[in-house]
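Residues per chain are reported as follows:
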Amino acid sequence: MVRENLATRKRKYPNISEYNLLSLSDCVAIIRSSITWEKIFKKHFIIEKEDNKKSKNDLTNFLQKLVDLRNRVIHFSKKLENNEREELKSYSNRFDKIYEKWKHNNCQEFDKIQ
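> Teacher, can you tell me more about the nonpolar core here?
The biggest cluster of nonpolar side chains holds 20 residues, and the ones touching the most others in it are Ile31, Trp37, Phe41, Phe45, Phe62 and Leu63. Elements with a minimum of two residues in this core: α1 (2-12), α3 (24-32), α4 (34-45), α5 (56-76) and α6 (82-104). The dominant element in this core, judged by the number of residues it contributes, is α5, at five residues. Each residue touching isoleucine 31, except ones within four places of it in the same chain, is listed here: Thr36, Trp37, Phe41, Phe45, Thr60 and Leu63.

> Explain the packing of α5 against α6 to me, please; I cannot follow it from the model alone.
Angle between the axes and distance between the axes are the two parameters that describe a pair of packed helices. Two elements in contact, α5 and α6, have axes separated by 10 Å at closest approach and are oriented at 130°. Taken as axis vectors, α5 and α6 run oblique relative to one another. The handedness of the crossing between α5 and α6 comes out as left-handed. Taking contact as the criterion, the partners of Leu59, Phe62, Leu63, Lys65, Leu66, Leu69 and Arg72 in α5 are, on α6, Glu84, Glu87, Leu88, Tyr91, Arg94, Phe95 and Ile98. Among the residues making up the contact of α5 with α6, the classes are represented as nine nonpolar, no polar and five charged.

> Honestly, the pattern of salt bridges in this entry has me stumped. Any pointers?
Once the charged atoms of two side chains with opposite charge are near each other, the side chains can pair. Here the structure, examined in full by the defined rule, presents six salt bridges. Three or more residues are tied together by salt bridges with common partners; here these are Asp51, Lys54 and Arg94.

> I keep staring at α3 and nothing clicks. Help me out?
The periodicity of an α-helix, 3.6 residues per turn, causes residues three or four positions apart to be oriented the same way. Taken residue by residue, α3 has Asp26, Val28, Ile30 and Ile31 as its buried positions. Buried residues in α3 make contact with α1, α2 (18-21), α4 and α5.

> What exactly am I supposed to notice about the environment of valine 2 here?
If you trace the backbone, valine 2 turns up in helix α1. Separated by 96 residues in sequence, valine 2 and isoleucine 98 place their C-alpha atoms 22 Å apart. If sequence neighbours within four positions are ignored, valine 2 has contacts with Leu22, Asp26, Ala29 and Ile30.

Criteria and cut-off values
- Residues numbered from 1 in each chain as written.
- Predicted model: local features only at pLDDT ≥ 70, side-chain atom pairs only at ≥ 80, totals over all residues.
- Heavy atoms only, no water.
- Core = buried A, V, L, I, M, F, W, Y, C linked by side-chain atoms within 4.5 Å.
- Buried < 20%, exposed > 50% of the residue type's maximum accessible area, 1.4 Å probe, protein only.
- Helix = DSSP H or I, 4+ residues; strand = E, 2+ residues; numbered from the N terminus.
- Contact = heavy atoms within 4.5 Å.
- Axes fitted to C-alpha atoms, helices over the stretch in contact; angles between N-to-C directions.
- Parallel < 35°, antiparallel > 145°, perpendicular 65-115°, else oblique.
- Left-handed = near helix turned anticlockwise from the far one by under 90°.
- Nonpolar A, V, L, I, M, F, W, Y, C, P; charged D, E, K, R; others polar.
- Salt bridge = Lys/Arg side-chain N within 4 Å of Asp/Glu carboxyl O.

Any functional reading would require information that these geometric values do not contain.
Written as structure tokens, this is what we have:
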């Protein structure tokens, strides 16, 4: 589905890089894909020792929740409740840790999936 969506967007915006045409939902789908999860992303989502015992869904569910919250705010202009703001902060902190781990390891692995 990601490839089809990307191809459609590329036809519409031929001068824009494929990476810039990916939606947040596309990125979540790529991360959660069986192939890319094991080869690339899993090791970056293991932040705490207990994360080793968690499933892919347990480690990535926050990303889908993030997409849902984002879409609700952006597309429906609905305000977030206080508990949702706290959730969002938690998701943001988790994502920052994952990104810092990825950046620290100087990963160029995303290119492997093309």
